[in-house]
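Here's the letter readout for the chains.
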Amino acid sequence: MLVVIYETKFKSPFSILVSMVTASGYSHGAIVNSGVLYDTTMTRGKFSVCAKVDDKRKVAVVEIDGDCQEWIDAHLNAKYDWVGLLLWPLGLAVAGRMYCFNVVERALNSAGVQVNLGWRKSGGSILSKLLGLGYPVEVMHGKDFNERYLKKDAL
């Protein structure tokens, strides 16, 4: 399993807003399991397979021993948590729905990596917890990430 945390995209007002609200230089999170990239976005409205990372966008990647496919299968197509996104600073969310950073936290927990971020989840807090647990983080451009980690038929 891989954790993929996207650096802020300064051409995207939403990416900048997420970074400002979370006080982090990262604005999105995703996971890879068995060479397939998964995330949830406001525009897609659900947790599902997603497109490859933009070739020029930087991502921080953490390799995790373990597999989260059972968790993915149980939560595929879960709806996006609009309330959790909009009321994130207040710690409010809708049960059973997800936004990107809690997808990462829950997938990690399912693979036996307990990060326990509480309600203030962000790309920076996920990376800090994983670094604190001894996991190395590699920063790379999307093009390199896609070629190295995604199944060729997923590209």
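Calculation notes
- Residues numbered from 1 in each chain as written.
- Predicted model: local features only at pLDDT ≥ 70, side-chain atom pairs only at ≥ 80, totals over all residues.
- Heavy atoms only, no water.
- Core = buried A, V, L, I, M, F, W, Y, C linked by side-chain atoms within 4.5 Å.
- Buried < 20%, exposed > 50% of the residue type's maximum accessible area, 1.4 Å probe, protein only.
- Helix = DSSP H or I, 4+ residues; strand = E, 2+ residues; numbered from the N terminus.
- Contact = heavy atoms within 4.5 Å.
- Disulfide = S-S within 2.5 Å.
- Arc of directions from axis to C-beta.

A. Here's a closer look at the nonpolar core. Counting residues in each nonpolar core, the largest one holds 33 residues, and the members touching the most others are Met 1, Val 3, Ile 31, Leu 108, Ile 126 and Leu 130. In terms of residue count, helix 4 (residues 100–110) provides more of this core than any other element does, six residues in total. For Val 3, the contacting residues outside a window of four places in its chain are Ala 30, Ala 60, Val 61, Val 62, Ile 64, Val 104, Leu 108, Ile 126 and Leu 130. Counting 14 residues, the second largest nonpolar core, distinct from the first, contains Tyr 6, Leu 37, Val 53 and Leu 150.

B. A look at unusual backbone geometry. Phi is positive for Ser 34, close to 50 degrees, though the residue is something other than glycine. Inspection of the secondary structure puts Ser 34 in the loop between strand 2 (26–33) and strand 3 (36–40). For Ser 34, a relative accessible area of 47% translates into the label partly exposed. At Asn 116, a position not held by glycine, the phi torsion is positive, near 40 degrees. Within the secondary structure, Asn 116 sits in the loop between helix 4 and helix 5 (123–132).

C. Structural context of the state of the cysteines. For the structure on display, the rule yields zero disulfides. Between Cys 50, a free cysteine, and Cys 100, which holds the nearest cysteine sulfur, the sulfur-to-sulfur gap is 11 Å.

D. Seen up close, helix 1 (residues 13–22). Residues Ser 15, Val 18, Ser 19 and Thr 22 constitute the buried set of helix 1. The arc that holds every buried residue of helix 1, seen down its axis, measures 95 degrees, which confines them to one face. Every exposed residue of helix 1 that faces more than 90 degrees away from the buried side is listed here: Pro 13 and Met 20. Those residues of helix 1 that are buried lie in contact with strand 2 and helix 4. Positive phi appears at Ala 23, one or two residues downstream of helix 1, with a value of about 55 degrees.

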